[in-house]
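Each chain, written out:
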Amino acid sequence: MVEVDFDLCEANGVCVGLAPDVFDLNDDDELIISDADRLPENAGVIDEAIAGCPRAALRWKA
Ligand code: SF4
């Protein structure tokens, strides 16, 4: 599964745009990661989101 470092995340929504089934922002502009991050078919877009996050706030959790 993927995890976010909330100390780094600035809620700019880049990952939401790249993987909308996995990431979302709530009304308080906090990042939400859905259970869809565990689906193998989403691994590719999660990789893109991890690479595309301008704050390097996302990573795969071992
Ligand atoms: S792309 Fe990175 S900084 Fe932007 S909302 Fe997602 S985790 Fe946060």
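Throughout this document, residue positions are counted from 1 along each chain, in the order its sequence is written. Local features in this predicted model are restricted to residues of pLDDT 70 or higher, and side-chain atom pairs are both shown and tallied only at a pLDDT of 80 or more, whereas totals for entire chains, interfaces and linings draw on every residue. Heavy atoms from the whole structure form the basis of all side-chain values; hydrogens and water molecules are not counted.

Peer 1: So what's going on with the side chain of Asp37? Which residues, and what values?
Peer 2: Here a strand is any run of E in DSSP of at least two residues, a helix any run of H or I of at least four, and the numbering for each starts at the N terminus. Residue placement: Asp37 occurs in the loop between strand 3 (31-33) and helix 2 (43-52). Taking the relative accessible area as the measure of exposure, Asp37 reaches 5% and is therefore buried. Each polar contact in these results corresponds to two N or O atoms within 3.5 Å; when the atoms are within protein, one needs to be able to donate a hydrogen and the other to accept it, and residues that are neighboring in sequence are counted only if both atoms are side-chain atoms. There is a polar contact of 2.8 Å between the side chain of Asp37 and the backbone nitrogen of Val2. Burial status follows relative accessibility: with a 1.4 Å probe on protein chains alone, a residue under 20% of its type maximum counts as buried, one over 50% as exposed, and anything between as partly exposed.

Peer 1: So what about unusual backbone geometry? Which residues, and what values?
Peer 2: Backbone geometry at Asp29 places phi at a positive 60°, although glycine is not the residue there. Examined against the element boundaries, Asp29 turns out to sit in the loop between strand 2 (23-25) and strand 3. Phi at Ala56 takes a positive value of approximately 50°, unusual for a residue other than glycine. You can call Ala56 exposed: its relative accessible area is 56%.

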